[in-house]
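Letter by letter, the chains look like this.
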Amino acid sequence: MKISMTVNGKTMSGEAEGRTLLSTFLREELGLTGTHIGCDTSQCGACTVHVDGKQVKSCTMFAAEADGAEVATIEGQANADGTLNKVQQAFQDHHGLQCGFCTPGMVMAAVSLLETNAKPSEAEIREHLQGNICRCTGYHNIVKAIMAASGQEVPAVAAE
Amino acid sequence: MYNFEFVKPSTLDEALAALADEDAQPLSGGQTLIPTMKQRLNQPSKLVSLLGIADLVGISDSGGTLSIKGATNHATVARETASSFPGLSGLVAKIGDPAVRNRGTIGGSIANNDPSACYPAAAMACQATIVTNAREIAADDFFQGMFATALDEGEIVTEVRFPIPVASNYQKFEQPASRFPLTGVFVAKYGDRVGVGVTGASNDGVFRWKEAEEALAANFSADAISNLTVPADDMISDLHGSAEYRAHLVKVMTGRAVAAC
Ligand SMILES: Cc1cc2nc3c(=O)[nH]c(=O)nc-3n(C[C@H](O)[C@H](O)[C@H](O)COP(=O)(O)OP(=O)(O)OC[C@H]3O[C@@H](n4cnc5c(N)ncnc54)[C@H](O)[C@@H]3O)c2cc1C
Ligand code: FES
Ligand code: FES
């Protein structure tokens, strides 16, 4: 079947079977490989994108369910002039990534959090990231990056 | 994953007609169904998405009853019941993670009846009514053991009605990797009775701890259950916790829920 969606503001379409996951559709049909597949078992959140403004795991949604939807992926996050957006820049400034595999999902989750909670506490950030796994950073620098991106002072976090 | 035909009707009647096909199955948030299909534990010929049916989404609150339509997602329930039914809102706000809550639905959770699912504990404690396209089923009759319910083939959960308690609280002892409850207890206090719904603990799935309900109805305090014991015989035993450990958790979580009410 033919599926169409608005991805990062552009109308895009492609072919999908019933079983085609949104993550597969984005990566293989639309060539948007910034959305990563870390586990494919709904645990890690590397595949996090926004569908109609809501954060979802794209490996746990069929592409057909997003037919006609507005989808946002990491590829659309940079500012119009190509510079990093404030969350991306904060990840760079605060070493919120090492290998970078989890980062697209972390950034999409963080952007989603800041949309509804402009000044989250450290605890709220950690709670919001429960569905996003990072095997490198130990999370502290990710939390700091999100504090910084929300214009808050970056504290020394617990366990440091 | 095996392939299937995907359909997304906009009315309940169309959905029921589509479900009449052999091996057709409803799809709501997919947060349980998609992982099981990836493992090829499930092979529907057709999936009928319920998320395009406007009549299956929404929450209403009248005459002391909170009604949640079957395809309402967890994030919406957590947000919209925060003041009308904070105990339930608190339960739902801890299901999985934000992405899971944006997709997963009450109908999918209740119909799946995972032995560690959170919603069934509240449905049992509150003696909720599960409404389907065909009938109304009391929670006590609906949940029939691990992954088993009173639903017939092709029957859809359209609504769940909760009598709103005077006070309620859910205590979830998380299994840290999956974040499902290793044991979860929902306590609901009404004018004339107390409900205690337990999930994650028993081989028979969700259950009401009736001894505690009686003791708490007479004296609503954690002390009231201090002399009760939960038999470990029917409890789940796995690498995350022994049957005795779970039995112990039932009592501890019940006490905490009462104290938090
Ligand atoms: C990482 C992760 C963590 C999770 N943590 C928790 C947790 O802590 N606590 C918890 O309770 N749950 C948890 N869940 C499960 C989650 O709540 C699911 O959303 C829920 O169990 C199923 O709802 P769904 O709408 O996604 O159903 P689906 O996956 O779409 O469907 C599940 C089953 O129900 C059937 N079905 C769906 N809707 C209906 C209906 N209206 N009528 C009849 N049958 C129907 C389907 O055919 C299928 O068999 C977690 C899931 C994930 C992926
Ligand atoms: S790839 Fe989707 S949650 Fe891990
Ligand atoms: S930076 Fe490597 S997994 Fe997070």
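Computed from a predicted model, the values in this text were never measured in an experiment.

Undergrad: A description of the site of ligand 1 should follow, citing residues and the corresponding values.
TA: Lining the immediate environment of ligand 1, one finds 32 residues, of which B:Pro26, B:Ser28, B:Leu33, B:Thr105 and B:Cys118 sit closest. Chain contributions to the surroundings of ligand 1 come from chains A and B. Between ligand 1 and the protein, one listed contact pairs an oxygen atom with a backbone N or O atom of B:Gly30 at 2.8 Å. Notes on ligand 1: free accessible area 970 Å², of which the protein chains cover 95%. Looking at the shell around ligand 1, the elements with two or more residues in it are strand 2 (24–27) and helix 6 (106–112) of chain B. Examining the composition of the shell around ligand 1, we find that five residues originate from one element, helix 6 of chain B, more than from any other. Split into classes, the residues belonging to the shell around ligand 1 amount to 13 nonpolar, 15 polar and four charged.

Undergrad: How would you explain the interface of chain B and chain A if you had to name every residue and give the values?
TA: Between chain B and chain A, the residue contacts involve 27 residues of the former and 23 residues of the latter. With both sides pooled, the region where chain B packs onto chain A buries about 2000 Å², and carbon together with sulfur makes up 55% of that total. Interface area lost by chain B to chain A is led by B:Phe6, B:Lys38 and B:Arg103, which between them contribute 26%. Run the count over chain B and chain A and you get three salt bridges. Here B:Lys8 makes a salt bridge to A:Glu65, at a shortest N to O gap of 2.8 Å. Taken together, the links from chain B to chain A amount to 11 residue pairs in polar contact (both at pLDDT 80 or more). Tallying contributions element by element places helix 5 (residues 98–103) of chain B first for the side of chain B that touches chain A, with five residues.

Undergrad: Lay out the packing of helix 2 (residues 86–93) of chain A against helix 5 (residues 140–149) of chain A with the relevant residues and their values.
TA: Residue and element names in this part refer to chain A. For the pair helix 2 and helix 5, the least separation of the axes is 8 Å and the interaxial angle reads 135°. Judged on the interaxial angle alone, helix 5 and helix 2 are oblique. In this structure, helix 2 meets helix 5 at a crossing whose hand is right-handed. Side by side, helix 2 and helix 5 meet where Lys86, Val87, Ala90 and Phe91 of the first sit next to Ile142, Ala145, Ile146, Ala148 and Ala149 of the second.

Reading the values: the criteria
- Within each chain, residue numbers correspond to sequence positions counted from 1 in written order.
- Both sets of labels track the order of writing: A upward for chains, 1 upward for ligands.
- At least 70 in pLDDT is required for a residue's local features to be given in this predicted model, at least 80 for side-chain atom pairs to be given and counted, and no such filter applies to totals for whole chains, interfaces and linings, which use all residues.
- In computing side-chain values, all of the structure's heavy atoms are included and hydrogens and water are not.
- A cutoff of 4 Å decides nearness: a residue is near a molecule or strand if any of its heavy atoms lies inside that distance of it.
- By the criterion applied in these results, polar contacts are pairs of N or O atoms within 3.5 Å in which, for protein atoms, one can donate a hydrogen and the other can accept it, and in which residues neighboring in sequence qualify only through two side-chain atoms.
- The Shrake-Rupley method, run with a 1.4 Å probe sphere, supplies the accessible areas, and residue values consider only the shown protein chains as cover.
- Secondary structure elements follow DSSP: runs of H or I no shorter than four residues count as helices, runs of E no shorter than two count as strands, and numbering proceeds from the N terminus.
- For this scheme, ten residues count as nonpolar: Ala, Val, Leu, Ile, Met, Phe, Trp, Tyr, Cys and Pro. Four count as charged, namely Asp, Glu, Lys and Arg, and the remainder, Gly too, count as polar.
- Here, two residues are considered to be in contact whenever any of their heavy atoms come within 4.5 Å of each other.
- Using a 1.4 Å probe, buried area is obtained as the accessible area two parts lose upon being combined, added over both of them.
- Here, a salt bridge means any side-chain nitrogen of Lys or Arg that lies within 4 Å of a carboxyl oxygen of Asp or Glu.
- To get an axis, fit a line to the C-alpha atoms, keeping to the stretch in contact for a helix; angles then go from 0 to 180 degrees between the N-to-C directions.
- Orientation labels follow simple angle bins: below 35 degrees gives roughly parallel, above 145 gives roughly antiparallel, 65 to 115 gives roughly perpendicular, and whatever is left gives oblique.
- By the definition used in this description, the sense in which the near helix is turned from the far one sets the handedness, with an anticlockwise turn below a right angle giving left-handed and a clockwise turn giving right-handed.

These figures come from the coordinates and say nothing about function on their own.
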